[in-house]
Amino acid sequence: MFNHTFEELISMNNLLDAWGEFVVGKRGKTDVQEFELHLMDYLLDLHKELSDKTYRHSKYESFVIVDPKRRLIHKASVRDRVLHHALYRMLYPYFDRSFASDSFSCRDGKGMHKAIDRFHVFAGKASQNHTRTCWVMKCDIRQFFGSIDHRILMRILKQHISDSDIIWLLEKIIESFETENRPHIGLPLGNLTSQLFSNVYMNRFDQFVKHKLKIKYYIRYADDFVFLSEDKSFLESLIPSIRSFLLFDLHLTLHPTKISLGKVGSGIDFLGWVHFMDHRVLRTVTKRRMFKRIEFHPTKPTIQSYLGLLSHGNTRTLQDDLMLSINKPNSPL
């Protein structure tokens, strides 16, 4: 069981440490600057509200980003985001220990690049060192964050946390948002806590896959997941069990048009790369987006970020093209 107390979680020490983590890279924001001007007053007020159980989460500011899909982001107030960090920094280490090793999203020491490296390891094993055909079944969940059921999430959290005061606070955070016209459903894209809660929620599925279905070669990144096997029929046979567990245990829907089955030898599109047996190349739409962003934001950090991305695949020609484009006489760099 989680062994931190409510008093530890809402302590001024934890709130100050949470502020220190939250503010990194954000000091140029107007709302953050305003909060920092009265930092101790705001944190003391927050601490008192939490102690007195008078705390209420503020409303969210919403805006749309396209990266590359259109996503509706909900941004909490600075005060609430500091509290999210205070919760996260204590809850994350506890829950992370229970997560499946092949869950890669929003975890320390994991991430997208580790996930695609793992994909190639699994492809080698499933194909018996490239001597047999390796099949990959890709799936994802329809409107994942917008479909997470608060009641199921709270039931899972209560299995790990016995402190009723912490449960009260978690309910305040979780119930601060709901998908339009769907009471008690949905987590906001934008909350740090949503990253943790979504992994807590989907860990139930990860454990089902590993221990009930006994799948060796399975990788999940947020709501995208893949299964690898030399047996195509075996992968197809998994679909009813996967769909049923997601629907009845987690109230989630397997996206019906995003289940695909293909051979690694023919190229598998996963996490922005097209993967083959012995190499991977950047997805065409990702390449276009990269050059478009560089055209509009031709800064050194942007360039270095993309060069870092390209270093994870077979992209020598693409890296040369990128360097050529920024070394042109009229380039701002």
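Residues numbered from 1 in each chain as written. Predicted model: local features only at pLDDT ≥ 70, side-chain atom pairs only at ≥ 80, totals over all residues. Heavy atoms only, no water.

**Overview of the side chain of R81**
In step 1: Of note, R81 is situated in helix α5 (residues 78-96).
In step 2: You can call R81 buried: its relative accessible area is 14%.
In step 3: A distance of 3.2 Å separates the side chain of R81 from the side chain of D31, its partner in a polar contact.
In step 4: The residues contacting R81, other than those within four sequence positions of it, are F22, D31, K75 and A76. (Helix = DSSP H or I, 4+ residues; strand = E, 2+ residues; numbered from the N terminus. Buried < 20%, exposed > 50% of the residue type's maximum accessible area, 1.4 Å probe, protein only. Polar contact = N/O pair within 3.5 Å; in protein donor to acceptor, adjacent residues only side chain to side chain. Contact = heavy atoms within 4.5 Å.)

**With respect to a nonpolar patch on the surface**
In step 1: Side chains of L16, M40 and L44 sit close together on the surface and give an oily, nonpolar patch of about 230 Å² of accessible area.
In step 2: Along the polypeptide, L16 turns up in helix α2 (residues 12-22). (Patch = residues over 30% accessible without salt bridge, like charges linked within 9 Å, V, L, I, M, F, W, Y side chains within 5 Å. Areas by Shrake-Rupley, 256 points an atom, 1.4 Å probe, with all protein chains shown as cover. Salt bridge = Lys/Arg side-chain N within 4 Å of Asp/Glu carboxyl O.)

**Comments concerning the sheet that holds strand β6 (residues 260-263)**
In step 1: Within the open sheet, the four strands sit side by side as β4-β5-β3-β6. Their pairing is antiparallel. At either end of the open sheet lies a strand with only one pairing partner, and these are β4 (218-221) and β6. Pairs of neighbouring strands in the sheet enclose a mean axial angle of 20°, with direction left out of account.
In step 2: Bridge analysis of strand β3 (residues 135-140) against β6 gives four bridges, and the strand direction is antiparallel. Paired with M137 across the strands is L261, a residue of β6.
In step 3: Docked against the sheet, helix α6 (residues 112-126) engages β3, β4 and β5 (224-229), running at close to 165° with respect to β4.
In step 4: Against the sheet, helix α9 (residues 192-212) contacts β4 and β5, and its axis sits at roughly 170° relative to β4. (Pairing = 2+ DSSP bridges. Axes fitted to C-alpha atoms, helices over the stretch in contact; angles between N-to-C directions.)

**Focus on the environment of L16**
In step 1: Residue classification places L16 among the partly exposed positions, given a relative accessible area of 31%.
In step 2: Considered as a pair, L16 and S229 are 213 residues apart in the sequence and their alpha carbons are 48 Å apart.
In step 3: In this structure, L16 is in contact with M40 and L43, ignoring residues within four places of it in sequence.

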